[in-house]
Amino acid sequence: MIDITLIRKNPKIVEEALKKRNLDFPLDKLIEYDKLYRQKLKELEKNRHIKNELTLKFPKVNEEEKQKIAQEIKRIDEIINSLEKEVKELKENRDNLLYRIPNIPHESVPYGKGEEDNVTVREWGEKRVFKFKPLPHYILGEKFNIIDFNRGVKLAGSGFYALKNKGAALERALINFMIDTHVKKGYKEIFPPFLITTEGAFGTGHLPKFADDMYKTEKDDLWLLPTAELALVNFHADETLNYKDLPIYYVAYSACFRREAGRHVDLKGVLRVHQFNKVELVKITTPETSFEELEKLVNDAEEILRLLNIPYRVRLLCTGDLGFASAKTYDIEAWFPSQNKYIEVSSCSNCTDFQARRINLKFVGGGRKTPEYVHTLNGSGLAVGRTFAAILENYQEEDRIIIPEVLRPYTGFSEITLED
RNA sequence: GCCGGGAUUGCCUAGCCUGGUAAGGCGCAGGCUUGCUAAGCCUGUGGGGAUUUUCCCCGCGUGGGUUCAAAUCCCACUCCCGGCGCCA
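So, how was this worked out
Within each chain, residue numbers correspond to sequence positions counted from 1 in written order. Chain letters and ligand numbers both follow the written order, the letters beginning at A and the numbers at 1. Given that the model is predicted, a residue must reach a pLDDT of at least 70 before its local features are reported, and side-chain atom pairs must reach 80 or more before they are shown or counted; all residues, however, enter totals for whole chains, interfaces and linings. The basis for every side-chain value is the complete set of non-hydrogen atoms in the structure, without hydrogens or water. The term salt bridge refers to a side-chain nitrogen of Lys or Arg lying within 4 Å of a carboxyl oxygen of Asp or Glu. Secondary structure elements are defined from DSSP: runs of H or I of at least 4 residues count as helices, runs of E of at least 2 residues count as strands, and each element is numbered from the N terminus. For every residue, the accessible area (1.4 Å probe, protein chains only) is compared with the maximum for its type, and the residue is labelled buried under 20%, exposed over 50%, or partly exposed between those bounds. Each residue after the first adds 1.5 Å to the expected span of a helix. Axis lines are fitted to C-alpha atoms, over the contacting stretch for helices. Their N-to-C directions set the angle, which ranges from 0 to 180 degrees. Each angle gets one of four labels, with under 35 degrees taken as roughly parallel, over 145 as roughly antiparallel, 65 to 115 as roughly perpendicular, and the rest as oblique. Crossing handedness: left-handed means the near helix sits turned counterclockwise from the far one by under a right angle, and right-handed means the same turn made clockwise. Contacts were defined at the residue level, with two residues in contact if any of their heavy atoms lie within 4.5 Å. Residue polarity follows a fixed list, in which Ala, Val, Leu, Ile, Met, Phe, Trp, Tyr, Cys and Pro are nonpolar, Asp, Glu, Lys and Arg are charged, and the others, Gly among them, are polar. When we say a residue is near a molecule or strand, we mean one of its heavy atoms is within 4 Å of it. Pairs of N or O atoms are called polar contacts if they sit within 3.5 Å, as long as, within protein, a hydrogen donor faces a hydrogen acceptor (for residues adjacent in sequence, only side-chain-to-side-chain pairs). One requirement defines pairing of two strands: DSSP has to find at least two bridges between them.

Novice: Mind showing me how you'd approach the pattern of salt bridges here?
Specialist: Oppositely charged side chains may form a pair once their charged atoms are brought near each other. Counted according to the given criterion, the structure contains 29 salt bridges. With a shortest N-O distance of 2.7 Å, R8 and D34 are connected by a salt bridge. Within this pair, whereas R8 is found in helix α1 (residues 4–9), its partner D34 is found in helix α3 (residues 27–57), the two being separated by 26 residues in sequence. On the basis of relative accessible area, R8 is assigned to the partly exposed category, the value being 33%. The closest approach of N and O atoms between E333 and R313, which form a salt bridge, is 2.6 Å. Highlighted residues: E333 in strand β11 (residues 328–336) and R313 in strand β10 (residues 312–316), separated in sequence by 20 residues. Taken together, the salt bridges that share partners define one network made up of R8, D34, R38, K91, R94 and D95.

Novice: In this structure, what is going on with helix α10 (residues 290–308)? I would like to understand it.
Specialist: With 19 residues, α10 extends 28 Å from end C-alpha to end C-alpha; this agrees with the ideal 27 Å at 1.5 Å per step. Regarding α10, the residues found buried are S290, E293, L294, L297, V298, D300, A301, E302, E303, I304, L305 and L308.

Novice: Help me understand the packing of helix α7 (residues 165–184) against α10, please; the structure alone is not making it clear to me.
Specialist: Two quantities define a packed helix pair, namely the angle between the axes and the distance from one axis to the other. At their nearest, the axes of α7 and α10 sit 10 Å apart, and the two run at 125° to each other. Compared by their axis directions, α7 and α10 come out oblique. As for the relative orientation of α7 and α10, their crossing is right-handed in sense. Contact with α7, carried on its side by L174, F177, M178, T181 and H182, involves D300, A301, I304, L307 and L308 of α10 and no other residues of that element. Considering only residue class, the contact of α7 with α10 consists of 7 nonpolar, 2 polar and 1 charged.

Novice: How do you make sense of the protein's contact with RNA strand B when you look at a structure like this?
Specialist: Lining the immediate environment of RNA strand B, one finds 19 residues, of which R8, R38, H49, T55 and I73 sit closest. Backbone atoms, meaning sugar plus phosphate, form 78% of the atoms of RNA strand B positioned within 4 Å of the protein. Between RNA strand B and the protein, one listed contact pairs a sugar or linking oxygen with a side-chain N or O atom of H49 at 2.8 Å. The side chain of T240 places a nitrogen or oxygen atom 3.3 Å from a sugar or linking oxygen of RNA strand B. Secondary-structure elements contributing two or more residues to the surface near RNA strand B are α3, α4 (63–98), β13 (362–365) and β14 (368–373). The element that contributes the greatest number of residues to the surface near RNA strand B is α3, accounting for 8 residues. Residues belonging to the surface near RNA strand B are distributed by class as follows: 4 nonpolar, 7 polar and 8 charged.

Novice: Would you mind going over the sheet that holds β14 with me for this structure?
Specialist: Each strand in a sheet pairs with its neighbour through backbone hydrogen bonds, running either in the same direction (parallel) or in the opposite one (antiparallel). Taken together, the 3 strands give an open sheet; going across it, the order is β7-β13-β14, and neighbouring strands pair in mixed fashion. The two strands at the open ends of the sheet, each matched to only one other strand, are β7 (240–242) and β14. Within the sheet, the average angular offset between the axes of one strand and its neighbour, ignoring direction, is 30°. Taken together, the 3 bridges between β7 and β13 define a ladder with parallel strand orientation.

See the structure below:
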């Protein structure tokens, strides 16, 4: 969430940020609630103070006085109780609005209405020229007997698929290859729980706004991870870190579960499903280094595609396409020859102190007098299912799929043929 | 799941029996002192509010209750540790 004092002192900044995101938000209402809240709080505290003084006086006076004080306190308690109720309600009203305000876009983020206004900042790789018409990954998956869409649907319903044979092995190899590559660059590996508390989902900003996009367990008030970001960002929730331990780099594999409620199927095959694998990167940094760290994070994610030799481009998201918790986001899009277009395989964001404030994650030291909120960053490194699909498409031959060189130590085979 | 022990401020710990408004150490920050990579001493340290050199409120796992007054007594819950049971 954003800082309430910023809204008090500089509502114009927040108003402009909302406008840049093309959001219609009742900021006036929030300010009004906050004003009332503080008014009532002041009154409440005044009464509590009176009560505290009477209580302190109590043991020092005679019996008769004691009776009088006890009665007076009873009267004040009634006032306090009713004020407490009012204050609580006003704070809830204020916070319910506050929690729905997205992060403020960084000054370097271009203004735009939606996807079409995102800016390509670089392209990498040479798009292969095919001597035959390249097939889409979902045709290849069935042709080579490595993806089973029908059985996936049978097991879990629409939006699920199963991998078979060398397809299953390739998926597993990709996960290990990605994690190893990031660990070599200094990321610490975490294997997190795949479920998270309501509090945790709230901390990253996925709740309350995106409750419909997540799976929830019925009996235990737990949510299935839509991304390992929730686990990694919440890893240090409610802690105070030391300046000298920052920045912290984490990498984690997790299955990711998304309900995709009310979304039409714009991407075929394995590209938009309810469950997919992802290797996630998270950084915890000081405020002064976070944007620099974002550039490095994007580069670390890109490195996977470079090693796999898959053409890609990097897009800087405009204000209208920016995620809720993010101040600045780069998407990395891999080349899909069958569709003649780029498709997102990673999204790397700097959430500044937006999540840190929600999860109460601070640091001390480094010349700071008081604890300060850290900055949190996250990025896919990469979405495994989509990378899998990109490999099928970019490495296809008419009678086989070639396995990229760097993956062969992980797969133990160098191609997938029709006989497999 | 059952029985017992526990949870105190960034961390560690005292206070709980016997109710009176959180003591100490470490860390961190600032200051002072010193002729040498050090040490010592002093001050500050969570959240919130205001008329912001100051004052006030809240805060002892969470939520209730008793009381003029709760870290302290009572009840429920959560989590941690140990024992038993179950178990990939």
